[in-house]
Every structure is written in structure tokens, then in C-alpha cells.
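Single-letter residue listing:
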Amino acid sequence: MSRRILLVNGPNLNLLGTREPEIYGEETLADVEVLVSRVAGDFGLDVRAVQSNHEGALIDAIHAAREDCSAIVINPGAFTHTSIALRDALAGVALPVAEVHISNVHARESFRHRSYVSGIAACVVVGCGVQGYEFAVRRLAALIAG
């Protein structure tokens with residue numbers, strides 16, 4: 001079994017730290033990747049990180065995860081609410097998925113209340129800031145360990 005987690009961050013998450021810091025905080029995407037790698041390392045897991053503003057690039061990365069990953073942590077960004085294709089890719093690779101949202105999407109605009117990913121996710125973490133990524137990795141590590 002692979003000892004790697006795929007970390008997927010969707011559109012606009014490359015702007016973490018500068019985009020609406022009152023909502024998303026001041027940590028950058030690089031900070032998130034360091035956090036996820038550190039926590040995963042505590043469980044003997046490696047991390048491959050991908051961020052894209054392009055749906056197809058994210059789908060390609062998810063498909064590739066079938067070959068060498070045992071789980072996926074994803075913050076789909078706005079694709080959460082719009083992308084059936086992303087949901088189908090996640091379902092198609094048959095790996096445990098943890099969905100993460102830095103802000104509490106349920107306390108925001110109504111269009112953010114629907115997620116195409118949540119229904120297939122092993123866990124969903126919302127509103128915990130970037131610490132939500134840590135929670136997601138810990139949960140996936142427990143699932144991987146059986």
C-alpha cells in the first residue's frame with residue numbers, strides 16, 4: 001500500500017495569505033503544504049501537493065493518484081459548488097477523501113452551502129482555518145492504518 005497523500009488545492013488558493021485575509025487568514029499555500037507534510041510525516045506518510053486554477057489539471061492529478069497515493073485531502077475552492085466532474089474523478093479513483101474548507105462555508109453566501117464533494121468524502125472539515133488540513137490528515141492517517 002502506498003504511503004502517500006495527495007494534497008489538492010483548487011482555484012484561488014494560490015492567493016492564500018493575501019486574498020481576503022479576514023476570511024482565509026494570513027497563512028500562505030506554502031504554509032499549508034509545510035503543515036500537511038509535517039503532520040503526514042508524523043504518520044510515516046509522504047505528500048504530493050498540487051494547486052491549480054484549472055479544473056482539468058486537478059482531475060488529471062486526481063487520476064494519477066490511483067497509481068501511488070492512498071488518500072486525498074482536497075480543498076476544491078469554488079469547484080466545491082460547481083464541479084460534478086471533480087466529484088466524479090474523486091469517486092472514480094476510489095481513495096478515501098477528506099474535504100477541507102478554511103472558512104465556515106455554511107455561514108457564508110447561500111451558494112456556498114452546497115458541495116458536490118461532501119457526499120463522497122470520508123470526512124469534511126470546515127471553518128477551522130488552515131488547521132482543518134491537519135485534522136483531515138490525521139483522520140485519513142487513521143483510515144489508512146485501518
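Before going into details, it helps to say that this report is about the structure given with it.

Cut-offs used in this document
- Residues numbered from 1 in each chain as written.
- Predicted model: local features only at pLDDT ≥ 70, side-chain atom pairs only at ≥ 80, totals over all residues.
- Heavy atoms only, no water.
- Buried < 20%, exposed > 50% of the residue type's maximum accessible area, 1.4 Å probe, protein only.
- Helix = DSSP H or I, 4+ residues; strand = E, 2+ residues; numbered from the N terminus.
- Pairing = 2+ DSSP bridges.
- Right-handed = clockwise from strand over helix to strand, strands pointing away.
- Axes fitted to C-alpha atoms, helices over the stretch in contact; angles between N-to-C directions.
- Parallel < 35°, antiparallel > 145°, perpendicular 65-115°, else oblique.
- Contact = heavy atoms within 4.5 Å.
- Nonpolar A, V, L, I, M, F, W, Y, C, P; charged D, E, K, R; others polar.
- Left-handed = near helix turned anticlockwise from the far one by under 90°.
- Salt bridge = Lys/Arg side-chain N within 4 Å of Asp/Glu carboxyl O.

Our next topic: the pairing of strand 4 (residues 97–101). By the criterion of burial, strand 4 is predominantly enclosed, with five of the five residues buried. Burial along strand 4 is two-sided: Val97, Glu99 and His101 facing one way and Ala98 and Val100 facing the other are all buried. Two strands pair when backbone bridges link them, and strand 3 (residues 71–75) and strand 4 are joined in this way by three bridges, in the parallel orientation. Bridge pairing in strand 4 links isoleucine 74 to glutamate 99. Taken together, strand 3, helix 4 (residues 84–93) and strand 4 constitute a β-α-β crossover, and its handedness is right-handed.

With that settled, consider the packing of helix 3 (residues 55–68) against helix 4. Across the interface, helix 3 lies against helix 4 with an axial gap of 9 Å and an inter-helix angle of 5°. Judged by the angle between their axes, helix 3 and helix 4 are roughly parallel. In this structure, helix 3 uses Glu55, Leu58, Ile59, Ile62, His63 and Arg66 to contact helix 4, whose residues at the interface are Ala85, Leu86, Ala89, Leu90, Gly92 and Val93. Of the residues in the contact of helix 3 with helix 4, the class split is eight nonpolar, two polar and two charged.

Quick look at the packing of helix 2 (residues 29–42) against helix 5 (residues 131–145) now. As a packed pair, helix 2 and helix 5 sit with axes 9 Å apart at the nearest point and diverge in direction by 25°. By the criterion of interaxial angle, the relationship of helix 2 to helix 5 is roughly parallel. Relative to helix 5, helix 2 is oriented so that their crossing is right-handed. Counting all contacts with helix 2, which are made through Val32, Leu35, Val36, Arg38, Val39, Ala40 and Asp42, the residues of helix 5 involved are Tyr133, Glu134, Val137 and Arg138.

To continue, consider the pattern of salt bridges. One pass over the structure, following the stated rule, counts five salt bridges. The salt bridge partner of arginine 4 is aspartate 68, with a shortest N-O separation of 2.9 Å. In this pair, arginine 4 sits in strand 1 (residues 4–9) while aspartate 68 sits in helix 3, placing the two residues 64 residues apart along the sequence. Judged by its relative accessible area of 23%, arginine 4 falls in the partly exposed class.

Bringing the sheet that holds strand 3 into the picture now. The strand order 2-1-3-4-5 describes an open sheet built from five strands, whose pairing is parallel. Looking at strand neighbours, the two that pair on one side only are strand 2 (46–51) and strand 5 (123–126), the edges of this open sheet. The average angle at which neighbouring strand axes cross in this sheet is 15°, direction not considered. The pairing of strand 1 with strand 2 spans six bridges and is classified as parallel. Residue pairing in the sheet places valine 8 in a bridge with valine 50 of strand 2. Along the sheet face, helix 3 touches strand 1, strand 2 and strand 3 and points at about 175° away from the line of strand 1.

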